[in-house]
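Chain residues, written in single-letter form:
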Amino acid sequence: MTDDVNGAGAWEIRRAGDADVGAVEAVTDAAYRPYIERIGVVPVPMRADHAAQVAAGRVFVTGEPVTGLVVVEARADHLFLDSIAVHPDAHGKGVGGRLLAFVDAHARALGLSEVRLYTNAMMWENQKIYPKFGYEVVERRVDGPYDRVHYRKRLL
C-alpha cells in the first residue's frame, strides 16, 4: 500500500508479511528497549506475538530494511493504534510522522472517525509528540504495572 502524504511518492507503507516478522521483532525491540529501565517493566509491545499480529494483518511496515512499523486493530467505533515503533537509527527522519499519517488514512479508509492509543506515562517523549499530531488526552489510568496515558484523535 503506497501512501503519498508528502506528494513525492518517496516512501511506502505496506502490510507486513511472514518474511517481515524478524524485522518487526527487531525494530520493536530496538525502539522499546531503552524504556525498560525507566518504567521498570518490559513494555507490552516487546512481549507481543509478532507472528500472530502479522498473520492477522495488523502490522504495517516501512523502509527497506524495515525502519518503522505500526500495529493497529479496527474496532467498532475507532482504530486502535496498538504500537508504533521506529528504529533509533531512523529517528528524526520523519518516519514516525509518516506512520501516524498512514494510521489516520487507514482509519478513514475503514470508515472510522477516531484513532485511539495509549502510552506509558514514563515515556515523556510520546506525551510531547502525540499532541503535535492532533491527539488529545482522554484519561490516565493504571493497568496492572503500567501507568498509561490514553489519547484519541478525532478525524474530520
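The structure under discussion appears in the preceding block.
Remember, predicted model here, so these are calculated numbers, not experimental data. (Residues numbered from 1 in each chain as written. Predicted model: local features only at pLDDT ≥ 70, side-chain atom pairs only at ≥ 80, totals over all residues. Heavy atoms only, no water.)

1. Thoughts on the sheet that holds strand E1 (residues 13–15)
If you walk across this open sheet you meet the seven strands as E1-E2-E3-E4-E5-E7-E6, and the pairing is mixed. Edge positions in the sheet fall to E1 and strand E6 (136–143), since each has one partner strand and no second. Each strand of the sheet is rotated relative to its neighbour by a mean of 30°, with strand direction disregarded. Inspection of the sheet shows E6 paired to strand E7 (residues 146–154) by seven bridges, in the antiparallel sense. (Pairing = 2+ DSSP bridges. Helix = DSSP H or I, 4+ residues; strand = E, 2+ residues; numbered from the N terminus. Axes fitted to C-alpha atoms, helices over the stretch in contact; angles between N-to-C directions.)

2. Thoughts on the environment of Gly 111
Here Gly 111 shows up in the loop between helix H5 (95–109) and strand E5 (114–120). Sequence separation between Gly 111 and Leu 79 is 32 residues, and the spatial gap between their C-alpha atoms is 9.6 Å.

3. Observations concerning the nonpolar core
Within the largest apolar cluster, 25 residues are counted, with the highest numbers of intra-cluster contacts made by Val 70, Leu 81 and Tyr 135. Where this core is concerned, the elements lending two or more residues are strand E3 (68–74), strand E4 (79–86), H5, E5 and E7. Sequence-distant contacts of Leu 81, defined by excluding residues within four places in its chain, comprise Val 70, Val 71, Val 72, Leu 100, Val 103, Val 115, Arg 116, Leu 117 and Tyr 135. Of all hydrophobic cores here, the second largest spans 17 residues; its members include Val 21, Val 59, Val 66 and Met 123. (Core = buried A, V, L, I, M, F, W, Y, C linked by side-chain atoms within 4.5 Å. Buried < 20%, exposed > 50% of the residue type's maximum accessible area, 1.4 Å probe, protein only. Contact = heavy atoms within 4.5 Å.)

4. Quick look at H5
The terminal C-alpha atoms of H5 lie 21 Å apart, and with 15 residues this matches the ideal 21 Å at 1.5 Å per residue to within 8%. Taken together, the buried positions of H5 are Val 95, Leu 99, Leu 100, Phe 102, Val 103, Asp 104, His 106 and Ala 107. Gly 111, located one to two residues past H5, shows a positive phi value of around 80°. (Expected span 1.5 Å × (residues − 1).)

5. With respect to helix H1 (residues 21–32)
Relative to the 16 Å expected for twelve residues at 1.5 Å per residue, H1 spans 16 Å between its end C-alpha atoms, a close match to the ideal helical length. Considered for burial, the residues of H1 that qualify are Val 21, Val 24, Val 27, Thr 28, Ala 30, Ala 31 and Tyr 32.

6. Examining the packing of aromatic side chains
Taken as a whole and judged by the stated rule, the model has four aromatic pairs. For the pair Phe 60 and Phe 102, a centre-to-centre distance of 4.9 Å together with 50° between the ring planes defines the contact as tilted. Within this pair, whereas Phe 60 is found in strand E2 (residues 59–62), its partner Phe 102 is found in helix H5, the two being separated by 42 residues in sequence. We note that Phe 60, like Phe 102, is buried. An angle of 40° between the planes, with centres 5.6 Å apart, marks the rings of Phe 80 and Tyr 118 as tilted. Of the two residues, Phe 80 sits in strand E4 while Tyr 118 sits in strand E5, which places them 38 residues apart along the sequence. Note on Phe 80: relative accessible area 8%, which makes it buried. Each residue in the set Tyr 130, Tyr 135 and Tyr 151 is aromatic and connected to the rest through ring pairs, giving one cluster. Looking at Arg 75, its charged tip hangs above the ring of Phe 80, at a distance of 4.3 Å from the centre. (Phe/Tyr/Trp six-rings, centres within 6.5 Å; stacked < 30°, edge-to-face > 60°. Lys NZ or Arg CZ within 6 Å of the ring centre and 35° of its normal.)

Nothing here speaks to function; it is all geometry.
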